[in-house]
Amino acid sequence: MPIRIMCFQICSIGTFLFLLIVGLRGADSAQAPAPPALLLGTAWYPEQWPESRWEADLALMQQAGIRMVRVGEFAWSRMEPAEGQYHLDWLERAIAAAGRHNIYTVLGTPTASPPAWLTQKYPETLRINQDGRRAEHGNRQHFNWANPKYREMARKIAEQMAKRFGHNPYVLGWQIDNEYAEVSFDPETRAQFQQWLKQRYGTLENLNARWTTAYWSESYTAWDQIPIQVGYGNPGLLLSWMRFVSDTWRSYQKNQLDVIRPNSDARQFITTNTMGSFDGFDHYTVEQDLDLAAWDDYVGEGHLDPVQNGAAHDLTRGFKQKNFWVMETQPGSVNWAPINNALDKGEVRAMAWHDIGHGADTVSYWQWRSALNGQEQYHGTLLGADGAPVPLYAEIAQLGKEFAKASPAFAGTTVQSQVAILHSYDSRWAIQWQKHNDKYSPVDEIVSYYGPLRAIAQSIDIVPPTAALGKYKLVVAPGLNVLSEAVAKNLAAYVEAGGHLVLGQRSGMKDDDNSLQPERQPGPLVSLLGGRVEQYYALEKPIPVEGQWGTGECSLWAELLSAKDSGTEILMRYGKSNGWLDGQPAAITRKVGKGRITYIGAWLDPKIMAQAAKWMTDTSGVKPAFGAVPDGVEVSARYGAHNMVYVLINFSKQAQTVHLPAAMEDVLGAGSKQAVDLPIYGVAVLSVPR
Ligand code: GLA
């Protein structure tokens, strides 16, 4: 036999044998190539469709450049149709089928939707609403997150999944549960809360003192007298309940983490999907045990607001202080808003790039195709009920091509910021429970600082007040109402080391138990500031303010400040209003060595806020990440070891030309550019060596 033919035959036999082995063992036994830096994904529910349909779905996904599917998060009744009978073969086939189309899988543990047999057999696993009514089967999130039996069942299914798929090369990672939110008010949970209080406070004497229970005869003489209060109640109790809720979500999650981690490869991440500014638990508590932060980014009614949404991205990035995922986002429209309008043509693509600019590495659409029945028939999808692409599919396919093309430029890049905004759930809750002006929203307060600062710095980190602050030139704390001793020390040390700290209105009023500080605001930082809040006023209507940042108005809230130290400078004063505030300081600042501390006591109008932001960044030496751009163009920057990537998006209502500060490589187009033309919703991705 001629050598050439023999080789051909041996090689063919070898290839044949290899394919046979791979085919027999499933694609998962083959080595999966490393995923690209940017992934486009979708939520796929293979359990809702005949298996004969999967190939068609996966082929259409592949054609659109989709590289990731999230699977399984509501499929418990399919995975365990009866107690202890685990059926995971179908899931293995789905993962393998996706792998054959170059698509990775993220596995969701299905614990947000327990099966009917489970809740029927163990009714204590169903949560009890505040009105005392037990939840029923038929929707989701009907489980009791604190219930030991539920945890036992959740742990078992998570363990089965991990043992089966923890080494599957096409499984990139795990999503535990889905959008933690609902809690239970059953007597066992209340007993757990009382136990939690005992651990935290040690003695009832201590608890009574810290909560000032002498007020309204609230004093407790036995732990089991302590109620659960939500929304209205003793502020110390309210805060304790939310901390208990957060710790209980953490242990709920840990229950599954503890079986997934030892049974899976270290390369598989573990995450959960959160909901932007949702404050049902302290996300810093829960995220500390995860590898990756991920969130579900929905616009709902209306259109993308890059400031609001950008802040939510930056908040999520701050959970782990690294790149994150957009685990779900809307393909056009949702089904739960008052008006479920579609995003405009081009807006979905612009939004995806906005996500990437803020540090997302994956953008995944919810969902691929609507189930023919079920509660969400009207939600946006990429395929119609007929299984064929909807108009938006072409835009997603464009993104698929662009993500593939841009991935090498984004590899290893992260967001870096000179400015941090401090965000605390304790403070948000504390204000929320006692707004004093019902229009006062702590999230809006944060965004009122974030917007103008982001426009100047072109990058902001949102981090908890306990974070290491040394790398920031400017740290802004809007509404840091609850100021623990530890946080006060962290902030004072930052200022003393040369940083510029700006406290926004309502800061430094409460201690760690949500008690009033025994000093005026900002409590332990008064001496550093050389001034304080003499009195606060809820405003019925806007009142005038004037000073270094111009002339304008403030609304909702006004704190009358005083400057006691000779080094404390008055930046803004109130104009004529209620007599008390007339001519009094509204913003003060004091230099402390090379550092500085500033207090802003009023909710300033956007024009003055823009000037305030300019003053804050100028005084702190903050430089924009990119440089000047026309109004309405959003700039984001990601930094790699060898290059920087800028994402420019035109969110204005007209076409724009952006002149680049230097020649840059046009990543989505070709060649080097000095300027880029951006139509409405136009995107440019530009790379420069570092
Ligand atoms: C949430 C859920 C999804 C789906 C979408 C619809 O984010 O996680 O299962 O219900 O909302 O917008």
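Anything mentioned here points back to the structure above.
In what follows, the accompanying structure is described. (Residues numbered from 1 in each chain as written. Predicted model: local features only at pLDDT ≥ 70, side-chain atom pairs only at ≥ 80, totals over all residues. Heavy atoms only, no water.)

1. Things to note about the overall build of the protein chain
Helix and strand content of the protein chain: 18 helices and 25 strands. In summary, the protein chain has a C-alpha radius of gyration of 27 Å against a globular reference of 26 Å for 690 residues, a match within 12%. A principal-axis box enclosing the C-alpha atoms of the protein chain has dimensions of 100 × 70 × 45 Å. Considering only contacts in the protein chain between residues 6 or more positions apart, those separated by 24 or more positions represent 72%. (Helix = DSSP H or I, 4+ residues; strand = E, 2+ residues; numbered from the N terminus. Rg over C-alpha atoms; globule rule 2.2 N^0.38 Å. Contact = heavy atoms within 4.5 Å.)

2. Comments concerning the packing of helix α6 (residues 148-165) against helix α9 (residues 235-260)
Running from N to C, α6 and α9 point in directions that differ by 35 degrees, and their axes come no closer than 7 Å. When the axes of α6 and α9 are compared, the crossing they make is right-handed. For the pair α6 and α9, the contacting residues are Tyr-150, Arg-151, Ala-154, Arg-155, Ala-158, Glu-159 and Ala-162 in the first and Thr-248, Ser-251, Tyr-252, Asn-255, Gln-256, Asp-258, Val-259 and Ile-260 in the second. Residues belonging to the contact of α6 with α9 are distributed by class as follows: 7 nonpolar, 4 polar and 4 charged. (Axes fitted to C-alpha atoms, helices over the stretch in contact; angles between N-to-C directions. Left-handed = near helix turned anticlockwise from the far one by under 90°. Nonpolar A, V, L, I, M, F, W, Y, C, P; charged D, E, K, R; others polar.)

3. Here's the deal with the site of the ligand
Every residue lining the ligand is accounted for by Phe-74, Arg-140, Asn-178, Glu-179, Asp-296, Tyr-298, Glu-328, Trp-336, Trp-366, Glu-376 and His-379. A distance of 3.5 Å separates an oxygen atom of the ligand from a polar atom in the side chain of Asp-296. His-379 has a polar side-chain atom sitting 2.7 Å from an oxygen atom of the ligand. Coverage of the ligand by the protein amounts to 96% of the 310 Å² it exposes when considered alone. Of the residues assigned to the shell around the ligand, the class counts are 4 nonpolar, 2 polar and 5 charged. (Near = heavy atom within 4 Å. Polar contact = N/O pair within 3.5 Å; in protein donor to acceptor, adjacent residues only side chain to side chain. Areas by Shrake-Rupley, 256 points an atom, 1.4 Å probe, with all protein chains shown as cover.)

4. Considerations on the packing of α9 against helix α14 (residues 425-433)
In contact at an axis separation of 11 Å, α9 and α14 are set at 135 degrees when each is read in the N-to-C sense. Classified by the interaxial angle, the pair formed by α9 and α14 is oblique. α9 and α14 meet at a crossing whose hand is right-handed. Residue-level inspection shows Pro-235, Leu-238, Leu-239, Met-242, Arg-243 and Ser-246 of α9 in contact with α14, the latter providing Asp-426, Trp-429 and Trp-433. (Parallel < 35°, antiparallel > 145°, perpendicular 65-115°, else oblique.)

5. Let's talk about the pattern of salt bridges
What the rule picks out here adds up to 33 salt bridges. Among the ionic pairs, Asp-258 bridges to Lys-254, the shortest N-O distance being 3.1 Å. Of this pair, Asp-258 and Lys-254 both sit in helix α9, separated by 4 residues, roughly a single helical turn. Asp-258 gets classed as partly exposed once you look at its relative accessible area, which sits at 37%. A salt bridge links Asp-618 to Lys-614; the nearest nitrogen and oxygen atoms lie 2.8 Å apart. Note that Asp-618 and Lys-614 are positioned in helix α18 (residues 606-620) at a spacing of 4 residues, about one turn of the helix. Each member of the salt-bridge network shares a partner with another, and the members are Arg-200, Arg-210, Arg-243, Asp-426, Asp-512 and Asp-513. (Salt bridge = Lys/Arg side-chain N within 4 Å of Asp/Glu carboxyl O. Buried < 20%, exposed > 50% of the residue type's maximum accessible area, 1.4 Å probe, protein only.)

6. Here we look at the side chain of Arg-638
Relative to the assigned elements, Arg-638 resides in strand β21 (residues 633-639). Given a relative accessible area of 1%, Arg-638 falls into the buried group. Engagement of the side chain of Arg-638 in a polar contact is seen with the backbone oxygen of Ile-356, the distance being 2.9 Å. Only 2.7 Å separates the side chain of Arg-638 from the side chain of Asp-361, close enough to count as a polar contact.

7. Things to note about the packing of aromatic side chains
Counting across every chain of the model gives 39 aromatic pairs. Ring geometry for Phe-626 against Tyr-646: centres 5.0 Å apart, planes inclined by 75 degrees, an arrangement best described as edge-to-face. Here Tyr-646 lies in strand β22 (residues 643-650) and Phe-626 lies in the loop between α18 and β21, a separation of 20 residues in the sequence. Note on Tyr-646: relative accessible area 7%, which makes it buried. A cation over a ring is seen here: Arg-369 above Trp-49, with NZ or CZ 3.8 Å from the ring centre. Here Arg-506 stacks its cationic end above the ring of Tyr-440, 4.5 Å away from the centre of that ring. (Phe/Tyr/Trp six-rings, centres within 6.5 Å; stacked < 30°, edge-to-face > 60°. Lys NZ or Arg CZ within 6 Å of the ring centre and 35° of its normal.)

8. With respect to helix α11 (residues 306-320)
Helix length check: α11, at 15 residues, gives a terminal C-alpha distance of 22 Å against a target of 21 Å (1.5 Å per residue), a fit within 8%. Buried residues dominate α11, accounting for 12 of its 15 residues. Where α11 begins, the capping side chain belongs to Asp-305, and its oxygen is found 2.9 Å from the backbone nitrogen of Val-307. Downstream of α11 by a residue or two, Gln-321 has a phi angle that is positive, lying close to 50 degrees. (Expected span 1.5 Å × (residues − 1).)

9. Quick look at helix α7 (residues 187-201)
An ideal rise of 1.5 Å per residue puts 21 Å on 15 residues; α7 measures up with 21 Å between its terminal C-alpha atoms. Those residues of α7 that sit buried are Thr-189, Phe-193, Gln-194, Trp-196, Leu-197 and Tyr-201. When α7 is viewed along its axis, its buried side chains cluster within an angular range of 160 degrees and face the same direction. What points out from α7, more than 90 degrees from its buried face, is the exposed set Pro-187, Glu-188 and Gln-199. Check the buried side of α7 and you find it contacts α8 (204-210) and α9. (Arc of directions from axis to C-beta.)

10. Some remarks on the side chain of Asp-296
Along the chain, the position of Asp-296 falls in strand β7 (residues 294-297). Lacking a salt bridge, the buried Asp-296 has Arg-70 as its closest oppositely charged neighbour, with an N-O distance of 4.9 Å. A polar contact of 2.8 Å, which involves the side chain of Asp-296, links it to the side chain of Asn-273. Within the local environment of Asp-296, its side chain forms a polar contact with the backbone nitrogen of Glu-328, the two atoms lying 3.3 Å apart. Residues contacting Asp-296, with those up to four places away along its chain left out, are Glu-179, Asn-273, Thr-274, Met-275, Met-327 and Glu-328. (Lys, Arg positive; Asp, Glu negative; His and termini not counted.)

11. Thoughts on the sheet that holds strand β2 (residues 68-71)
The 9 strands lie next to each other as β5-β4-β3-β2-β1-β9-β8-β7-β6, forming an open sheet whose pairing is parallel. Taken across any chain shown, the strands that pair with only one partner, and hence form the sheet edges, are β5 (269-271) and β6 (273-274). As defined by bridge partners, strand β4 (residues 171-175) adjoins β5 across 3 bridges and the pair is classed as parallel. Across the sheet, residue Trp-174 finds its bridge partner in β5, namely Ile-270. Helix-sheet contacts for helix α12 (residues 347-357) involve β7, β8 (324-329) and β9 (360-365), and the interaxial angle to β9 is about 150 degrees. (Pairing = 2+ DSSP bridges.)

12. Side note on a nonpolar patch on the surface
A cluster of nonpolar side chains, Tyr-215, Trp-216 and Tyr-232, forms an exposed patch at the surface whose accessible area comes to about 470 Å². Structurally, Tyr-215 is set in the loop between α8 and α9. Judged by relative accessible area, Tyr-215 falls into the partly exposed class, the value being 46%. (Patch = residues over 30% accessible without salt bridge, like charges linked within 9 Å, V, L, I, M, F, W, Y side chains within 5 Å.)

13. Some details on the sheet that holds β22
Strands sit in the order β21-β22-β25-β23-β24 across an open sheet of 5 strands; the sheet is antiparallel. In the strand order of this sheet, the two ends are held by β21 and β24 (672-678), each with one partner. Neighbour-to-neighbour, the strand axes of the sheet open up by a mean angle of 25 degrees, direction not taken into account. On top of the sheet, helix α13 (residues 393-410) reaches β21, β22 and β25 (683-689); it is set at about 140 degrees to β22, its chief contact.

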